[in-house]
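# Breakdown of the fold
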Amino acid sequence: GTYIFKAYAYGDKEASGADKDPLWYEKEVAVASGTNSLDILLVHKLTEVKVVFNAGTTRTIQAVNKDGAQSVITPNYDYTFNEESGEVIFNEETTPANILFPTQEAGSVWSSNPVMMAVENTENGKVELKGIEIDGITGEVALDGWTLKAGVQYELTINLGDKLPTGLTYTVTVPAGTKNCYM
């Protein structure tokens, strides 16, 4: 006959919050006489985000999260995962998810460790990078308006672009008698 097979697991059953990382599989399968195979592909029910911070080719990042500052991503919710139905119910907003950057060599691009977060579909995700040091200058970068959906893995790239020159000099030669010159 035809049966519905359900399977669940956790990325880390002992963890709490989004770090527990519930996974789910459900499929209706016709079972025939003899040997049958069931290929289970578990999918994440929560969201995973990796942040790539690009300061541009003319700048060098020396630190992110310097001196104990903590970069974060929001919104992040308390949730309940129903092991029988695979449904995730998002409750009230909780503390932001921490973005951790492993120790890296100074360079123009740094990547964070992936972070799990419990987020219902939103178009107003916010990333706040704190304790940034670029070319010896410290500061913060915050960007919102990120679209985040439950169960999706993201790589969010924050690109500052190349530094613009501070001054330009143009030498213009025009024919004698020219009264206007436009650039």
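Residues numbered from 1 in each chain as written. Predicted model: local features only at pLDDT ≥ 70, side-chain atom pairs only at ≥ 80, totals over all residues. Heavy atoms only, no water.

## Quick look at the overall build of the protein chain
- From N to C terminus, the protein chain includes 0 helices and 14 strands.
- In terms of C-alpha radius of gyration, the protein chain reaches 25 Å, well past the compact-globule figure of 16 Å for 183 residues.
- Projected onto its principal axes, the C-alpha coordinates of the protein chain cover approximately 95 × 40 × 30 Å.
- Burial analysis of the protein chain (183 residues in total) assigns 32% to the buried set.
- In the protein chain, of all internal contacts separated by at least 6 residues, the share reaching a separation of at least 24 is 64%. (Helix = DSSP H or I, 4+ residues; strand = E, 2+ residues; numbered from the N terminus. Rg over C-alpha atoms; globule rule 2.2 N^0.38 Å. Buried < 20%, exposed > 50% of the residue type's maximum accessible area, 1.4 Å probe, protein only. Contact = heavy atoms within 4.5 Å.)

## Describing the sheet that holds strand β3 (residues 43-44)
- The 3 strands are arranged β1-β2-β3 in an open sheet whose pairing can be described as antiparallel. Of all the strands in the sheet, the pair left with one neighbour each is β1 (2-10) and β3.
- Relative to β3, strand β2 (residues 22-30) is paired through 2 bridges, and the arrangement is antiparallel. Counterpart to Leu23 in the pairing with β3 is His44. (Pairing = 2+ DSSP bridges.)

## Observations concerning the side chain of Ser112
- Assignment of secondary structure puts Ser112 in the loop between β10 (109-111) and β11 (115-117).
- Exposure remark for Ser112: the relative accessible area of 5% places this residue in the buried category.
- In this view, Ser112 contacts Lys50, Val51, Ile99, Leu100, Phe101 and Pro102; residues no more than four positions away in its chain are not counted.

## Details of the pattern of salt bridges
- Going through the model one piece at a time under the given rule, you end up with 2 salt bridges.
- Among the salt bridges present, the one from Lys66 reaches Glu133, with a minimum N-O distance of 2.6 Å. You can see Lys66 sitting in the loop between β5 (61-63) and β6 (71-74) and its partner Glu133 sitting in strand β12 (residues 122-134), a full 67 residues away along the chain.
- Judged by relative accessible area, Glu133 falls into the buried class, the value being 15%. (Salt bridge = Lys/Arg side-chain N within 4 Å of Asp/Glu carboxyl O.)

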